[in-house]
Amino acid sequence: MGNAEMARQMSQKAGFIAALDQSGGSTPKALRQYGIEEGAWSTEEEMYGLIHEMRARIIKSPAFSGEKVIGAILFERTMDGAIDGIPTAEYLWTKRSVVPFLKVDKGLEAGKDGVQLMKPITGLDALLIRAVAKGIFGTKMRSVIDAANPAGIAAVVAQQFEIGKQILAHGLMPIIEPEVTISIADKAEAEEILRAEILNHLDALPANQQVMLKLTLPTKANFYKPLVDHPRVMRVVALSGGYSRVDACRKLGENTGIIASFSRALTEGLSAKQANSEFDAVLGETVDAICEASKS
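Fair warning: this is a prediction, and the values are worked out from it, not measured in the lab. (Residues numbered from 1 in each chain as written. Predicted model: local features only at pLDDT ≥ 70, side-chain atom pairs only at ≥ 80, totals over all residues. Heavy atoms only, no water.)

(A) Quick look at the overall build of the protein chain. From N to C terminus, the protein chain includes 12 helices and 11 strands. In terms of overall size, the protein chain behaves like a compact globule, its C-alpha atoms giving a radius of gyration of 18 Å where 296 residues would be expected to give roughly 19 Å. With the C-alpha coordinates aligned to their principal axes, the bounding extent of the protein chain is approximately 50 × 40 × 35 Å. Relative to its 296 residues, the protein chain shows a buried fraction of 52%. Partitioning the contacts of the protein chain with sequence separation of at least 6, the portion at a separation of at least 24 is 72%. (Helix = DSSP H or I, 4+ residues; strand = E, 2+ residues; numbered from the N terminus. Rg over C-alpha atoms; globule rule 2.2 N^0.38 Å. Buried < 20%, exposed > 50% of the residue type's maximum accessible area, 1.4 Å probe, protein only. Contact = heavy atoms within 4.5 Å.)

(B) Quick look at the nonpolar core. Residues Phe16, Phe64, Leu194, Ile198, Leu213 and Phe262 are the most contacted members of the largest nonpolar core, which totals 84 residues. With eight residues, helix H3 (residues 44-60) is the single largest residue contributor to this core. Those residues within four positions of Ile198 in sequence are excluded, and the remaining contacts are Val157, Phe161, Pro178, Leu213, Leu215 and Leu227. Phe137, Met173, Met234 and Ile259 belong to the second largest nonpolar core, which has 15 residues in total. (Core = buried A, V, L, I, M, F, W, Y, C linked by side-chain atoms within 4.5 Å.)

(C) How the structure looks around the pairing of strand S5 (residues 99-103). Of all five residues making up S5, five are buried, and the element is well covered by its neighbours. Of the two faces of S5, the one holding Val99, Phe101 and Lys103 and the one holding Pro100 and Leu102 are both buried throughout. In terms of strand pairing, strand S2 (residues 69-74) meets S5 through four bridges, oriented parallel. Residue pairing for S5: Leu74 is matched across the bridge by Leu102. Here S5 runs beside strand S7 (residues 138-145); their pairing, made up of three bridges, is parallel. Each bridged residue has a counterpart across the sheet, and for Leu102 the counterpart in S7 is Thr139. (Pairing = 2+ DSSP bridges.)

(D) The arrangement of the packing of helix H10 (residues 245-253) against helix H12 (residues 276-293) in detail. Orientation of H10 relative to H12, taken along the N-to-C sense of each, is 25 degrees, at an axis distance of 8 Å. Taken together, the axes of H10 and H12 lie roughly parallel to each other. Contacts from Arg245, Cys249, Leu252 and Gly253 of H10 reach H12 at Glu285, Thr286, Ala289, Ile290 and Ala293. Each residue belonging to the contact of H10 with H12 can be placed in one class, and the counts come to five nonpolar, two polar and two charged. (Axes fitted to C-alpha atoms, helices over the stretch in contact; angles between N-to-C directions. Parallel < 35°, antiparallel > 145°, perpendicular 65-115°, else oblique. Nonpolar A, V, L, I, M, F, W, Y, C, P; charged D, E, K, R; others polar.)

(E) Geometry of the pattern of salt bridges. For the structure shown, the criterion picks out 19 salt bridges. In this structure, the salt-bridge partner of Lys60 is Asp84, at a minimum N-O distance of 3.0 Å. Pair noted here: Lys60 is in helix H3 and Asp84 is in the loop between strand S3 (82-83) and strand S4 (86-87), with a separation of 24 residues, a long-range link. When the shortest N-O distance is used, the salt bridge between Asp80 and Arg130 registers 2.7 Å. Placement of the pair is Asp80 in helix H4 (residues 76-80) and Arg130 in helix H6 (residues 124-133), with a sequence separation of 50 residues. (Salt bridge = Lys/Arg side-chain N within 4 Å of Asp/Glu carboxyl O.)

(F) The packing of aromatic side chains, seen in detail. Enumeration over the complete set of coordinates arrives at four aromatic pairs. Each ring, one from Phe223 and one from Tyr224, has its centre 5.4 Å from the other, and the planes form 65 degrees; the classification is edge-to-face. Here Phe223 matches Tyr224 in class, with each residue buried. Looking at Arg57, its charged tip hangs above the ring of Phe279, at a distance of 4.0 Å from the centre. (Phe/Tyr/Trp six-rings, centres within 6.5 Å; stacked < 30°, edge-to-face > 60°. Lys NZ or Arg CZ within 6 Å of the ring centre and 35° of its normal.)

(G) Highlighting unusual backbone geometry. Positive phi, normally seen in glycine, also occurs at Asp84, with a value near 55 degrees. Of the residues examined, Asp84 reaches a relative accessible area of 54% and is grouped as exposed. Its identity as a non-glycine residue notwithstanding, Ser97 has a phi of 60 degrees, on the positive side. Its place among the elements puts Ser97 in the loop between helix H5 (88-96) and S5. Ser97 sits in the partly exposed class, given a relative accessible area of 36%.

(H) Focus on the pairing of S7. Of all eight residues that make up S7, seven are buried, and the element is covered over most of its length. Inspection of the sheet shows strand S6 (residues 115-116) paired to S7 by two bridges, in the antiparallel sense. Looking at the pairing, Gln116 lines up with Val144 of S7. Alignment of S7 against strand S8 (residues 173-180), held across eight bridges, turns out to be parallel. When the sheet's bridge partners are listed, Gly138 is paired in S8 with Met173.

As structure tokens, this is what we get:
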């Protein structure tokens, strides 16, 4: 499916990455936001079927194309599914010119030292082999930082890069995501520690390797510019982190060289009850706004 072409798109093309990777714990919330209440399904399979229908509707919309949406992050079940009989990753690239990524983490451990590390990712090598076979370009994995705790943040970054190297060994591009919670009082201090730790790990990577970074929009504009400019970084993308679409786009516009990778902010305003014309119009306005903010 053309990894070199995908790499050029991810490193050079204007636009943003759509996060369509809600998993088990976040799926009911995503469906409620879409206007489907929990009583609408009786089994987990039915729930996942509904979220796949939502994602397929987004992907098939005229507003969702590689012209502005340069990549999309998928949940494992979405990767294993199909759109109009075509495997999802293949459909994204061949029909929409959107580079497919896969969420690989299995959720978070209980909090310790002001952070939540990732749970062990059992069967990761087997999953990565399947992802390569299905045409996936890269992966994403999330940890959470809830305090400016040096030991905790160091552990988060070390775990992310350790697994990132395993992902690189399969020829996939890891998106490293140490999310800083937007509501914490010492957010700016946490970002200081985080940036230093990431730079240390980037400097230790071989010259022929790159990663991507997915970060919370920083308290100080352009604080992550040294990461944007680092030769071991293909792209820095921002998560919306609970900000509204308007606030997330405003903050993103203050940070040169960072593009969006929004989830909740992307689907804001979409509803299962909308006619296709209204759905496409709302999604189109959202895509335009996020893409414009990503051009800063």
